[in-house]
Amino acid sequence: MTDNAQQQPSAPTTELPTQYAPAEVEGALYERWVERGYFEADAKSDKPPFTVVIPPPNVTGSLHLGHAFEHTLIDVITRRKRMQGYETLWQPGMDHAGIATQNVVERELAKEGKSRHDLGREAFVERVWQWKAESGGQISGQMRRLGDGVAWSRERFTMDEGLSKAVQTIFKRLYDDELIYRAERIINWCPRCLTAISDIEVEYQDDDGELVSMKYGDGDDTIVVATTRAETMLGDTAVAVHPDDERYRHLVGKLIKLPLTDRSIPVVADEHVDPEFGTGAVKVTPAHDPNDFEIGQRHDLPAVTIMDEHAVITAHGPFQGLDRLEARSAIVAALRAEGRIVAEKRPYVHSVGHCSRCKTTIEPRLSMQWWVKVGPLAKAAGDAVREGKVTIHPQEMEKRYFDWVDNLHDWCISRQLWWGHRIPVWYGPDGEVVCVGPDEEPPSGEGWRQDSDVLDTWFSSGLWPFSTLGWPEQTESLAKFYPNSVLVTGYDILFFWVARMMMFGLYAMDGTPPFHTIALHGMVRDQNGKKMSKSFGNVVNPLDWMDKYGSDALRFTLARGANPGVDVPIGEDWVQGSRNFANKIWNATRFALMNGATVEGPLPDASKMSSTDRWILSRLNSVVAEVDAYYEDYQFAKLSDALFHFAWDEVFDWYVELSKTTFAGGGEAAEVSKRVLGEVLDVTLRLLHPVVPFVTETLWTTLTGGESVVIAEWPKDSGFRDADAEREIETLQAVITEVRRFRADQGLQPGQRVPARLALDGSVLAAHEAAIRQLLRLQPEGEGFAATATLPVAGVEVALDLSGVIDVAAERKRLAKDLAAAEKEKAQATAKLGNEAFLAKAPDHVVDKIRGRLAKADEDIARIQAQLERLPSA
């Protein structure tokens, strides 16, 4: 019948309270799970492994809805795999978050009137460690609130000793393989954080600026260029034109005067220039623009740095000491005074890069930095997906992945910070450069110094799938749990994190990718689909919703909205609805226990079951198969929806209600149904457990007497199906639903009893007459019965005597009034839609609204006419 055997359960020993109170049970349940070691993973186990790493939250962070969403999905996956018998490892840990953490501690120092330079590097780093011990990592406690089933004994930190060794090891290997190098190139510089940041840490937004066109040179040698950053003209070392542009052919190779300076600069011909854009001539500032830097390299132009790390002008002259924005205005004014301004456009909206951490406008800057040569690493990362070693889900996200890895520029990995993994390179007094591995002694003696920069945070988090397992040591955990089974993460960090892990995993682990599958999800948005932002005032603290509705309610809402790769809208009403679902599960299970539902003993043979019993078991096995298929496809929304409708609609609203009549009748049929109901609830609670772990743990252990649903066996589809029983109950549902609709249309109260005659002879529903009468509040026809309304439904006939129950004349009058209103609405909408002049002028959304009104009026007319036809004669 079913293939869902459990260890021999004991009889239920605890009565359930009348109401479910999440706050009273969730914390204690979670601590019990942790104490019993349910979430730990044993590298020596013979079970097949299943591994997922947590996308490491910043040590500065606290749980936001994005975390709650992602953690819910990972927890859903890992709880099911644990129940399926896998040695399941969900690896926890935190990221040291270089810039973010340093900023936090520097703000704390500022309150004391100090800077990090007052403390010095060593003391400052010690202060950061102190802050971490006292204030960092609050998200760990919040993860427990959510129910995260992580292996806490394995928690890692990207700056701990083992991971630091991994960082130093891979740096040394990449350096020795000439895949890490030091060079002076254009980087993204944050004048606030005083560090280089990578391309993917730059956020672009449209800003109001200015576009200024200005003349260089004099007389016949005049040429006009335009810029949004007038201050950079102090660093110009050429003007570039396209080699085929006849307008400037006579100027190529000549020197022209650079305004406001005592320098002359050449006009060079370069194919990078678009002759159709603007004047077809561009100013070239190799030290402050990445494209200009490339032009400068091709033409051997000098690179003149005109700003310091604070974006203050250093170029000699009247603008020295001015901030870049102050200098911009001053330089435009000076050019205007010399008559060199040709045109000014304000405001000029254009895309400007900002630091993702502090939102300061980025300044492209020529700087000596450390770089990863990504070419061969990125090719391997792309090939792993193309060759099927790694699957990206949903598949349509592959294009975004390839667009990124196939066009990667070399990665700037050095940061001008103190908090982070310091670059393991030493410089000697005579120009020596030595890269030191983790088991090597650094050079010492007079004149030797270590590089002062630290590594980009993404460098260490790129090692996360294998460094957390003990690499570079060949540990049992590494052998057991690498590669990871799946990576669950947002599409927004496909480039930040996923590509880095792919490159480093393939490089460090001899061509074995870090995971088999990359399952990408969308971003959490508000109920209107709008991005959550403090500036919009729509940011929600998930802890507030957990306090109010319980963790299960939040989890179920998030999972039910999780379609692969698609953003997830969420609103408080939806969380409240999920709380109602948890209450429904509680109340239905409580009713079942009060009426003797049991899991003791084997299921009775199908021949002893009613069609209702066989129907629900058939549907149960179908749902097990359906849910399993959705899990394999990472369709969290669909599996949650399937479970919701099966549990609420079929189990609670139909099977439990139909069972009440059986229980009332007593005898063998009642005992069989009690066992079937126990089976259905047992399996349903296990199916629901990964999504709503707390309420299901309380109910399942009460129902079965088992130790914990966390370690219970995942349900299997036994293959049992009964198509005849399913058709029979579908017919029963159709009859009950139609009569309920008719009762509602006639204005009858739900509990109001009505005399009725049921013509069920020869119908499969004959055995269900007691249930039909009970659910529809239909009493026997009795003497004087007069059928005033007859409903033919699904091959049976239900005759009702409504005399004395409703005022037919008043009801007919009310319906006639409603019909007249609906017909008037239809006439008005039809007239407007038939007016060509109106249609020509009205906006599309107005026309669509009127079409909707017409459709609604047609529906109302059909409904009211049907009600009038069903009314008995007056």
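If you're wondering where the values come from, they're calculated on a predicted model, not measured in any experiment.

Asks: How would you summarise the sheet that holds strand E20 (residues 449–450) if you had to cite specific residues and measurements?
Replies: Ordered in space as E19-E18-E20, the three strands form an open sheet in which the pairing is antiparallel. For this open sheet the edge positions go to strand E19 (433–435) and E20, each flanked by a neighbour on one side alone. As judged from the two bridges shared by strand E18 (residues 425–427) and E20, these two strands associate in the antiparallel manner. Its bridge partner being in E20, Tyr-427 is matched across the sheet by Arg-449.

Asks: Lay out the side chain of His-354 in plain terms, naming residues and giving numbers.
Replies: Its place among the elements puts His-354 in strand E13 (residues 341–355). A relative accessible area of 6% places His-354 in the buried class. The residues contacting His-354, other than those within four sequence positions of it, are Glu-201, Val-202, Glu-203, Gln-205, Asp-207, Lys-359, Thr-360, Thr-361 and Ile-362.

Asks: Outline the packing of aromatic side chains, listing residues and values.
Replies: What characterises a pair of aromatic rings is the spacing of the ring centres plus the angle enclosed by the ring planes. On inspection of all chains with the given rule, the structure shows 24 aromatic pairs. Where Phe-50 meets Tyr-86, the ring centres are 6.2 Å apart and the plane angle is 70°; that geometry is what we call edge-to-face. One end of the pair, Phe-50, is in strand E1 (residues 49–53); the other, Tyr-86, is in the loop between helix H2 (65–83) and strand E2 (87–91), with 36 residues separating them in the sequence. For Phe-50, a relative accessible area of 7% translates into the label buried. Of the residues examined, Tyr-86 reaches a relative accessible area of 27% and is grouped as partly exposed. For the ring pair Phe-124 and Trp-418, a centre distance of 5.8 Å and an interplane angle of 70° mean the geometry is edge-to-face. Taken together, the residues Phe-124 in helix H5 (residues 121–134) and Trp-418 in the loop between strand E17 (414–415) and E18 connect sequence positions 294 residues apart.

Asks: Quick one: what's the story with unusual backbone geometry, residue by residue and with numbers?
Replies: Note: most peptide bonds trans; most residues except glycine with negative phi. Cis geometry is found at the peptide bond from His-393 to Pro-394, where omega equals 0°. Along the chain, Pro-394 falls in the loop between strand E15 (391–393) and helix H11 (398–405). Residue Trp-471 is joined to Pro-472 through a cis peptide bond whose omega torsion reads 15°. As for its position among the elements, Pro-472 is in the loop between helix H13 (464–467) and helix H14 (476–481). Its identity as a non-glycine residue notwithstanding, Lys-359 has a phi of 70°, on the positive side. We classify Lys-359 as partly exposed; its relative accessible area is 46%. A positive phi angle, near 55°, is found at Arg-777, a position not held by glycine. Relative to the helices and strands, Arg-777 resides in the loop between helix H24 (769–776) and strand E27 (778–779).

Conventions adopted
- Residues numbered from 1 in each chain as written.
- Predicted model: local features only at pLDDT ≥ 70, side-chain atom pairs only at ≥ 80, totals over all residues.
- Heavy atoms only, no water.
- Pairing = 2+ DSSP bridges.
- Helix = DSSP H or I, 4+ residues; strand = E, 2+ residues; numbered from the N terminus.
- Buried < 20%, exposed > 50% of the residue type's maximum accessible area, 1.4 Å probe, protein only.
- Contact = heavy atoms within 4.5 Å.
- Phe/Tyr/Trp six-rings, centres within 6.5 Å; stacked < 30°, edge-to-face > 60°.

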